[in-house]
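Residue-level listing of the chains:
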Amino acid sequence: MDRVHRRAFLSTTASAALSAQSARPGIPVIDTHIHLFDTGRSQGVPWPPKENKALYQPALPPRYRKLSAEHGVVGAIKVEASPWLEDNQWVLDLAAKEPLIVGVVGNIEPGKPGFAENLDRFRQNPLFLGIRYGNLWGSDLATTVTNKAVIADLKRLAQTGLSLDTANPNPSLVAAIVRVTDDVPDLRIVIDHLPQLTIPSGAGPRRVYETSLAALRKRPQVFVKISQIYRKVNNDVPRDLGLYKAGLDQIFETFGEDRVLFGSDWPNSDNWRPYADIFAMAREYIMTKGQGAAEKYFWKNSVKAYRWKPRDASQPRA
């Protein structure tokens, strides 16, 4: 066969083999980033918007279980998708009935009145693992990191042993995380979706960003989700790992195999590709680092980052 057809054949064959391999049982998987919501609730939902036809439908555990089971997913951590305080309780009640959900990262905004009381309320539930805060729901960590009330509340969070997920990364957020770790060194922090960050093109801003990464490299309490890997290019979402590998390698080399986590970002991931493609890309990348690194990425590191407890016999024990 000629060279062009041979290349196409090999690419198709490799893709099919990868898809089949990703569906085989092997390493147990804890998906550390899914969203749950019910668009059919009488009060509605603050997210996703009705205009997003790909997302605006109920995203509940039975649907997620059906999508993820063939990829070896045995547990998941639900990350907040609402700024409404009582939705923390709504999702905790939902998770209580579904042992696939090993924990919940909720939403209580530091620096706001009632933070301490609400933190004490929700942390009584062992499924409540932490909060998410950053560039989300009108907040900007790069600005609020200088607020003494915010830092005081993050110290309260650290004292409880819960973690902080940061939202929607940009260079300013990464720099702010360095500042938070200076002020609250015992707080475990999980940086969500770092592969989606657009690295500054200018020499000065890029140097500042890389300096922040270098600082975080030395802070073992900071973890990162290698999630939201795909990017849109000219209205397409390429499946070629080669387009993403350099950026993923920078993250992996910065944080190391002991501090990276798998997160699908389902169902927000449907804006890019189906769940099977999300999982296959993550698996294809991490297997370039070896079996041991893959086991840490897919479940072992999530125990260190979130301190979740197994709820089902299928879930691995640390």
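Rules and cut-offs
- Residues numbered from 1 in each chain as written.
- Predicted model: local features only at pLDDT ≥ 70, side-chain atom pairs only at ≥ 80, totals over all residues.
- Heavy atoms only, no water.
- Helix = DSSP H or I, 4+ residues; strand = E, 2+ residues; numbered from the N terminus.
- Rg over C-alpha atoms; globule rule 2.2 N^0.38 Å.
- Buried < 20%, exposed > 50% of the residue type's maximum accessible area, 1.4 Å probe, protein only.
- Contact = heavy atoms within 4.5 Å.
- Areas by Shrake-Rupley, 256 points an atom, 1.4 Å probe, with all protein chains shown as cover.
- Lys, Arg positive; Asp, Glu negative; His and termini not counted.
- Charge placed at Lys NZ, Arg CZ, Asp CG, Glu CD.
- Core = buried A, V, L, I, M, F, W, Y, C linked by side-chain atoms within 4.5 Å.
- Expected span 1.5 Å × (residues − 1).
- Pairing = 2+ DSSP bridges.
- Right-handed = clockwise from strand over helix to strand, strands pointing away.
- Axes fitted to C-alpha atoms, helices over the stretch in contact; angles between N-to-C directions.

Student: Looking at this structure, how should I read the overall build of the protein?
Tutor: Helix and strand counts for the protein stand at eleven helices and eight strands. By the compact-globule yardstick of 20 Å for 318 residues, the protein fits well, its C-alpha radius of gyration being 19 Å. The buried share of the protein, reckoned over its 318 residues, is 51%. Long-range contacts, defined here as pairs at least 24 residues apart, represent 79% of the contacts in the protein between residues at least 6 apart. For the protein, the exposed area adds up to about 14400 Å²; of that, 52% sits on carbon and sulfur atoms. Each charge sign in the protein was given a centre, from 42 positive and 33 negative side chains, and these centres are 3 Å apart.

Student: Before we go on, may I ask you to explain the nonpolar core in this structure?
Tutor: Side chains that are nonpolar tend, in soluble globular proteins, to be buried together. Counting residues in hydrophobic clusters, the biggest one holds 90 residues, and the most contacted among them are Leu154, Leu187, Leu194, Phe255, Phe298 and Tyr306. The biggest single contributor to this core is helix α11 (residues 291–306), with eight residues. In this view, Leu154 contacts Pro110, Leu164, Val180, Val184 and Leu187; residues no more than four positions away in its chain are not counted.

Student: For this particular structure, what's the right way to read helix α10 (residues 275–286)?
Tutor: Along an α-helix, a turn takes 3.6 residues, which lines up residues three or four apart on a common side. Compared with an ideal rise of 1.5 Å per residue, which puts twelve residues at 16 Å, α10 spans 17 Å between its outermost C-alpha atoms and is within 8% of the ideal. The buried fraction of α10 is high, at nine of twelve residues. Looking at α10, one finds that the buried residues are Tyr275, Ile278, Phe279, Ala280, Met281, Ala282, Arg283, Tyr285 and Ile286.

Student: How do you make sense of the environment of Glu295 when you look at a structure like this?
Tutor: Here Glu295 is to be found in helix α11. Note on Glu295: relative accessible area 24%, which makes it partly exposed. Separated by 267 residues in sequence, Glu295 and Pro28 have C-alpha atoms that sit 7.8 Å apart. In contact with Glu295, other than residues within four places in its own chain, are Ile27 and Lys300.

Student: Where do I start with the pairing of strand β3 (residues 101–106) in this structure?
Tutor: Note on strand geometry: in a regular strand, side chains alternate between the two faces of the sheet. A large share of β3 lies buried, amounting to six of its six residues. As judged from the four bridges shared by strand β2 (residues 73–79) and β3, these two strands associate in the parallel manner. Within β3, the residue paired with Lys78 across the bridge is Val104. Viewed along the sheet, the connection from β2 through helix α3 (residues 87–96) into β3 turns out right-handed. Pairing of β3 with strand β4 (residues 128–132) involves three bridges; the strand directions are parallel. Of the residues in β4, the one forming a bridge with Val105 is Gly130. Handedness of the crossover is the feature at issue here: the chain leaves β3, passes through helix α4 (residues 115–122), returns alongside β4, and the resulting connection is right-handed.

Student: It is not clear to me how the sheet that holds β3 should be interpreted in this structure. Could you clarify?
Tutor: Hydrogen bonds between backbone atoms are what pair the strands of a sheet, whose relative direction is either parallel or antiparallel. Strand order in the open sheet formed by eight strands is β1-β2-β3-β4-β5-β6-β7-β8, with parallel pairing between adjacent strands. Across the chains shown, the open sheet's two edge strands, defined by having one partner strand only, are β1 (29–34) and β8 (260–262). Put simply, the sheet's adjacent strands are angled 30° from each other on average, direction ignored. Where strand β7 (residues 222–226) meets β8, three bridges bridge the pair, whose relative direction is parallel. Paired with Lys225 across the strands is Leu261, a residue of β8. Contacting β5 (163–166), β6 (188–191) and β7, helix α7 (residues 171–183) crosses the sheet at an angle of about 175° to β6. Strands in contact with α11 are β1, β2, β3, β4, β5, β6, β7 and β8; relative to β8, the strand with the most contacts, it is inclined by about 110°.

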